[in-house]
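Structural features, examined
What follows is each chain in one-letter form.
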Amino acid sequence: MKHLIVTGDDFGRSHEVNEAIERSHAAGFLTQASLMVNEPCAEEAVRIAQRHPGLCVGLHLTLCDGQASTVSAITNEAGEFVVSPARAGLRYAFGSSLAGALLQEIRAQFERFRTLGCLPTYWDGHAHLHLHPTILRLALPVAVAHGFHALRLVREPGSWAPLSQIFQWLSGAAIRTLRQYSLTFTDHTFGLRDTGRMTTEIGIRILQALPDSVSEFYFHPGAEPSEIDYARLIAVLETEGITLCTSLPPPAGR
């Protein structure tokens, strides 16, 4: 059986991104969206989700290239994180004095997610920084305390690029800890190799090669080079026998 979660990242970042995510979900393709709770259009994103109760919303934990909950040792004077995920990751790895501010920010974003009226579902990270060992160690107890039950790992079959290998290693290192916390995750994740460059043709190629398992396909609606032809992708789903789903657990008795 082929089951597929389709996620739109950066929900709340802009009006254009929000509109694109809504179009993708309304078209019958996108099943969930990862919310950046401190971005300018986060509240608009929540209103969109309320109009579409079938859209699963998760937390897109943001610790680089975005707005923080408050000014702290991990932001500039405007409350903005370092843009580069690599630079941010190095700071968090070697700046032990930043741990307190980092934990405070992580807690604030999980709390903001709940304050916005979103139910705890899954969480991931902007630029996948949630897999950074320091961040994962700090964030896991917070996520579990808030009732989150799923997390994105980044394991893309067939990709040997250095960045893909880094995330394969980080994901593999995280699995044992996730199981200790009873958090669920998909078998495969697609989208890293073509991040920011997703097109209809690339999407078709990914769907046609989808393995028998539970997989996630993520992209960035509203920030890709062109509008995706969702009708063509849905036709491939039907041809390949792929069932769409979300990170929500199935109803009891199923």
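Residues numbered from 1 in each chain as written. Predicted model: local features only at pLDDT ≥ 70, side-chain atom pairs only at ≥ 80, totals over all residues. Heavy atoms only, no water.

Here's the deal with the packing of aromatic side chains
The line we're drawing: Any pair of Phe, Tyr and Trp rings, taking the six-membered ring for Trp, is counted once the centres come within 6.5 Å. Such a pair is stacked with planes under 30 degrees apart, edge-to-face with planes over 60 apart, and tilted for the rest. Put simply, DSSP marks the helices as runs of H or I at least four residues long and the strands as runs of E at least two long, and each gets a number from the N terminus on. Each residue is placed in one exposure class: buried if its accessible area under a 1.4 Å probe, protein chains only, is under 20% of its type's maximum, exposed if it is over 50%, and partly exposed if it falls in between. Placement of a positive charge over a ring is assigned whenever Lys NZ or Arg CZ falls within 6 Å of the ring centre and within 35 degrees of the normal to the ring plane.
Tallied over the entire structure, the rule returns seven aromatic pairs. The interplanar angle of 70° and the centroid separation of 5.6 Å between the aromatic rings of Phe 110 and Trp 123 together place this pair among those described as edge-to-face. Here Phe 110 is found in helix 4 (residues 99–115), whereas its partner Trp 123 is found in strand 4 (residues 122–125), with 13 residues between them in sequence. Here Phe 110 matches Trp 123 in class, with each residue buried. Linked through ring pairs, Phe 29, Phe 217, Phe 219 and Tyr 230 together constitute an aromatic cluster. A cation sits over an aromatic face here: Arg 152 above Tyr 218, 4.5 Å from the ring centre.

Remarks on the packing of helix 7 (residues 200–208) against helix 8 (residues 230–240)
Between two packed helices, what matters for the description is the angle formed by their axes and the separation of those axes. Put simply, the test is: An axis is simply a line fitted to the C-alpha atoms; with a helix, the fit covers only the stretch in contact. Between two such axes, the angle follows the N-to-C directions and lies from 0 to 180 degrees. Each angle gets one of four labels, with under 35 degrees taken as roughly parallel, over 145 as roughly antiparallel, 65 to 115 as roughly perpendicular, and the rest as oblique. Any pair of residues with heavy atoms lying within 4.5 Å of one another is described as a contacting pair. Side-chain classes are defined by residue name, with Ala, Val, Leu, Ile, Met, Phe, Trp, Tyr, Cys and Pro counting as nonpolar, Asp, Glu, Lys and Arg as charged, and the others, Gly among them, as polar.
Axis separation between helix 7 and helix 8 bottoms out at 10 Å; the angle between their running directions is 10°. Compared by their axis directions, helix 7 and helix 8 come out roughly parallel. Touching Thr 200, Glu 201, Gly 203, Ile 204, Leu 207 and Gln 208 of helix 7 are Arg 232, Leu 233, Val 236, Leu 237 and Glu 240, all from helix 8. Considering only residue class, the contact of helix 7 with helix 8 consists of five nonpolar, three polar and three charged.

With respect to helix 1 (residues 15–26)
Heads up, the rule is: To estimate how far a helix should extend, the number of its residues minus one is multiplied by 1.5 Å.
Taking 1.5 Å of rise per residue, twelve residues should cover 16 Å, and helix 1 covers 16 Å from first to last C-alpha, within 8% of that figure. Regarding helix 1, the residues found buried are Val 17, Asn 18, Ala 20, Ile 21, Glu 22, Ser 24 and His 25. Here the buried face of helix 1 lies against strand 1 (2–11), strand 2 (32–35), helix 2 (42–51), strand 7 (214–219) and helix 8. Within two residues after helix 1, Gly 28 carries a phi angle of roughly 95°, on the positive side.

Description of the pattern of salt bridges
For clarity, the cut-off: Criterion for a salt bridge: a side-chain nitrogen of Lys or Arg within 4 Å of a carboxyl oxygen of Asp or Glu.
Within this structure, the stated rule accounts for eleven salt bridges. With a closest N to O distance of 3.3 Å, Arg 152 and Asp 124 form a salt bridge. You can see Arg 152 sitting in the loop between strand 5 (150–151) and helix 6 (162–180) and its partner Asp 124 sitting in strand 4, a full 28 residues away along the chain. Overall, the relative accessible area of 2% leaves Arg 152 in the buried class. Owing to a relative accessible area of 0%, Asp 124 belongs among the buried residues under this scheme.

Concerning the nonpolar core
This is how the line gets drawn: By nonpolar core is meant a set of buried Ala, Val, Leu, Ile, Met, Phe, Trp, Tyr and Cys residues that side-chain atoms within 4.5 Å join together.
Within the largest apolar cluster, 74 residues are counted, with the highest numbers of intra-cluster contacts made by Phe 11, Phe 29, Leu 35, Ile 106 and Trp 123. Ranked by residue count, the leading element in this core is helix 5 (residues 133–145), at seven residues. The residues touching Trp 123, leaving out its near neighbours within four places in the chain, are Leu 59, Leu 61, Phe 110, His 130, Leu 136, Ala 139, Leu 140, Ala 143, Phe 148, Ala 150, Leu 151 and Arg 152.

Regarding helix 4
Note on helix geometry: an α-helix contains 3.6 residues per turn, so any two residues three or four positions apart are oriented the same way. Compared with the 24 Å implied by 1.5 Å per residue over 17 residues, the 24 Å span of helix 4 between its first and last C-alpha is a close match. For helix 4, the full list of buried residues reads Ala 101, Leu 102, Leu 103, Glu 105, Ile 106, Gln 109, Phe 110 and Phe 113. Contacts made by the buried residues of helix 4 are with strand 2, strand 3 (56–61), helix 3 (85–94), strand 4 and helix 5. At the exit of helix 4 stands Gly 117, carrying a positive phi of roughly 95°.

Quick word on unusual backbone geometry
If a residue is not glycine, its phi is most likely negative; likewise, a peptide bond is most likely trans. With a phi close to 50°, Asp 65 is a non-glycine residue in the positive phi region. Tracing the backbone shows Asp 65 in the loop between strand 3 and helix 3. Note on Asp 65: relative accessible area 25%, which makes it partly exposed. Even without being glycine, His 128 reaches a positive phi, approximately 60°. Assignment of secondary structure puts His 128 in the loop between strand 4 and helix 5.

Some words on the environment of His 188
Considering the arrangement of structural elements, one finds His 188 in strand 6 (residues 188–190). For His 188 and Leu 61, which are 127 residues apart along the polypeptide, the C-alpha to C-alpha distance reads 20 Å. Residues contacting His 188, with those up to four places away along its chain left out, are Arg 155, Pro 157, Pro 211, Ser 213, Val 214, Ser 215 and Glu 216.

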